[in-house]
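# Secondary and tertiary structure notes
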Amino acid sequence: MKVSTTTCRLATCVAMLTVASAANAQQERGNNLEAPVYRVAHETPAKPVSARAVKEVDFFDLTQHENEHPLAPCKRLAERVQAHIAANVSDYSCTFWKRERIDGELQDYNCMAMRVRNEPLSVHLIFKKPNQGQEVLYIEGQNGGKMRARGHGWRSRVGVMTLDPEGSMAMDGNRHPITMAGVKNLTDKLIEIAESDMKYGECEVKTHANATMGKRPAVMLEIIHPVPRREFKFHLARVYIDKELKIPVRFEAYSWDKDKAGNPELEEMYIYTDVKLNNGFTAADFAEANPAVFK
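Residues numbered from 1 in each chain as written. Predicted model: local features only at pLDDT ≥ 70, side-chain atom pairs only at ≥ 80, totals over all residues. Heavy atoms only, no water.

### Thoughts on unusual backbone geometry
Of all residues except glycine, most have a negative phi; of all peptide bonds, most are trans. Put simply, the rule is: Think of it this way: any DSSP run of H or I at least four residues long counts as a helix, any run of E at least two long counts as a strand, and we number them from the N terminus.
Glu119 connects to Pro120 through a cis peptide bond whose omega is -15 degrees. Looking at where Pro120 falls in the secondary structure, it is placed in the loop between β4 (110–117) and β5 (122–129). Residue Pro130 is reached from Lys129 by a cis peptide bond, and omega for that bond is -20 degrees. As for its position among the elements, Pro130 is in the loop between β5 and β6 (135–139). Unlike most non-glycine residues, Asn67 shows phi in positive territory, near 65 degrees. Mapping Asn67 onto the fold places it in the loop between α2 (54–59) and α3 (72–88). For Asp274, which is not a glycine, the phi torsion comes out positive at approximately 50 degrees. Turning to its location among the elements, Asp274 is positioned in strand β13 (residues 264–277).

### So, helix α5 (residues 183–197)
Put simply, the test is: By this rule the span expected of a helix is its residue count minus one, scaled by 1.5 Å. Accessible area is worked out with a 1.4 Å probe on protein chains only. A residue is then buried under 20% of its type maximum, exposed over 50%, and partly exposed in between. In this description, contact between two residues means that some pair of their heavy atoms is separated by no more than 4.5 Å.
With 15 residues, α5 should cover 21 Å at 1.5 Å per step; its first-to-last C-alpha distance of 21 Å lies within 8% of that length. When we look at burial in α5, the residues that qualify are Val183, Asn185, Leu186, Thr187, Leu190, Ile191, Ile193, Ala194 and Asp197. Buried residues in α5 make contact with α3, β2 (91–102), β11 (236–242), β12 (248–258) and β13.

### Observations regarding the pattern of salt bridges
Worth spelling out the cut-off: In what follows, salt bridge is the name for a side-chain nitrogen of Lys or Arg lying within 4 Å of a carboxyl oxygen of Asp or Glu.
Applying the stated criterion across every chain yields a total of 19 salt bridges. Among the ionic pairs, Glu244 bridges to Arg216, the shortest N-O distance being 2.8 Å. Remark: Arg216 occurs in strand β10 (residues 216–224) and Glu244 occurs in the loop between β11 and β12; sequence separation between them is 28 residues. Exposure remark for Arg216: the relative accessible area of 34% places this residue in the partly exposed category.

So far we have only geometry, and geometry alone does not tell us how the molecule works.
As structure tokens, then:
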């Protein structure tokens, strides 16, 4: 059968339009924030463990199930940490380090001696540097929801002040109020962020089962959002969970902005060192009448 040149050209055009249409549809699906665009990376699998270690492995299990968001294993681990804290951690003492970007400027490290009682939330901070001697006390349900604070140096002559935790004086140099302090609040916040981020794609997760925090063994989770979206609170975040204590001991978050070296800019970092759990703290340990408070 003889086919005309016009018919051949028409068939070729139709084929080209069909391919272009399919490509455009694929690109449109890729631009849709709801479309899952995520990857999961793991370290080389560890050697088989003995029966004695099964319980430990189960706690830190980060198995990725089929067709689930890569943050799902991280969220399950955070929920196990949350349950562990609720059941087994009543209080703790530690050295607390923080570094935050305030009004676009990355501040120096802050170092504080910290004591926390989880129920009711009671937080006592004594600054080591900077502002050595500055002291803060907050007890949930007391002082009308206010915190008590004493400045450092000559400011200490003013005496102990009562401040709104979210007021301008208390928030000066801080990204978060003292009401959000501590590993329990950090864990709760991580779960909240994971639940929000799991509504979207564009997420990469790397798990490091044999990381260290200082000299202590830890599991490190690294979460990356490659594309800036208003729904995401950070470009890159790292969470370290102490394997023995089963609590988060370090959190750091970076923005999509780059520093002079081309690396993501640090927005906030919180580190808990020298942690001692379950000291048996009572209300008396956080009372202003206690000689260790505002001494």
